[in-house]
Amino acid sequence: MRIVKNGDVHVSAPIGMLKSEVERFINEHRDWIEKARQRTCERQKQRALFYSQLPLQTRTQADEALQRLKALIEPLVEKHAREMGVKPQSITYKPMISRWGLCNVKTRTICFSAYLLLLPEWCIEHVVVHELCHLLEPSHNVRFHTLMDRYFPRWKEARKETRRICKC
Ligand SMILES: [Zn+2]
């Protein structure tokens with residue numbers, strides 16, 4: 001049983017289980033459902049509040065954010081790409097929520113979330129190194145983490161700090 005984003009409750013049951021048994025199970029867990037729903041709702045509110053700190057509705061807001069992103073991220077990409085011996089094909093920015101960056105290994109294109117502007121610089125740098133690392137290793141495997149240890153030793157700390165700032 002789980003609570004989905006809109007607050008609905010999804011229940012999985014084995015094939016052949018009687019509807020009455022499923023209903024009984026749901027009834028026995030009413031308290032859990034109520035609490036979980038409240039938690040989901042709280043998280044949604046926190047999330048909306050976090051992202052609303054960077055309004056991107058108007059052209060001016062979006063342009064200004066793009067300028068700031070470029071000024072912050074481009075030097076970091078340049079510095080680390082040189083050190084790591086990688087060369088991304090292009091860098092793009094999108095108002096992505098729930099992920100900070102995306103690396104398309106085939107096209108060697110990296111996309112960064114505009115909301116990185118809401119993070120401290122060292123956390124932004126962590127995301128930059130993380131995405132560049134994908135050009136060397138596509139999966140989050142042991143090799144990937146070894147590369148992160150080498151190129152951004154504080155990656156675990158940065159990840160923790162980022163999760164603390166944005167609990168989304
Ligand atoms: Zn990754």
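Details of the structure are given in the entry above.
In this report, the structure presented in the accompanying data block is examined. Fair warning: this is a prediction, and the values are worked out from it, not measured in the lab.

### A look at the packing of aromatic side chains
Okay, step 1: A full pass over the atoms with the stated rule returns four aromatic pairs.
Okay, step 2: Centroid distance Y51 to Y115: 4.8 Å. Interplanar angle 75°. Geometry classified as edge-to-face. Taken as a pair, Y51 in helix α2 (residues 30–52) and Y115 in the loop between β5 (109–113) and α4 (121–133) lie far apart in primary sequence, 64 residues in all. Considered together, Y51 and Y115 belong to a single accessibility category, that of buried residues.
Okay, step 3: Feature note: the residues F50, Y51, W100 and Y115 constitute an aromatic cluster, connected by ring pairs.
Okay, step 4: For R154, the ring lying beneath its charged end belongs to W122, and the centroid distance is 4.2 Å.

### Side note on the coordination of the zinc ion
Okay, step 1: Distances from the zinc ion to its protein donors, H130 (NE2), H134 (NE2) and H140 (NE2), fall at 2.0 to 2.1 Å.
Okay, step 2: In the primary sequence, the donor residues of the zinc ion line up as H-x3-H-x5-H.
Okay, step 3: Residue H140 is classed as exposed on the basis of its relative accessible area, which comes to 53%.

### Remarks on the environment of K94
Okay, step 1: With respect to the secondary-structure elements, K94 resides in strand β3 (residues 90–94).
Okay, step 2: Relative accessible area serves as the criterion here: at 48%, K94 is assigned to the partly exposed category.
Okay, step 3: Distance from K94 to L66, taken between C-alpha atoms, is 9.1 Å for residues 28 residues apart in sequence.

### A look at unusual backbone geometry
Okay, step 1: A positive phi angle, close to 65°, is found at S98, a residue other than glycine.
Okay, step 2: As for its position among the elements, S98 is in the loop between β3 and β4 (101–104).
Okay, step 3: With a phi close to 55°, R108 is a non-glycine residue in the positive phi region.
Okay, step 4: With a relative accessible area of 29%, R108 lands in the partly exposed category.

What counts and what doesn't
Residues numbered from 1 in each chain as written. Predicted model: local features only at pLDDT ≥ 70, side-chain atom pairs only at ≥ 80, totals over all residues. Heavy atoms only, no water. Phe/Tyr/Trp six-rings, centres within 6.5 Å; stacked < 30°, edge-to-face > 60°. Helix = DSSP H or I, 4+ residues; strand = E, 2+ residues; numbered from the N terminus. Buried < 20%, exposed > 50% of the residue type's maximum accessible area, 1.4 Å probe, protein only. Lys NZ or Arg CZ within 6 Å of the ring centre and 35° of its normal. Donors = N, O, S within 2.8 Å, 3.2 Å for Na, K, Ca; no water.

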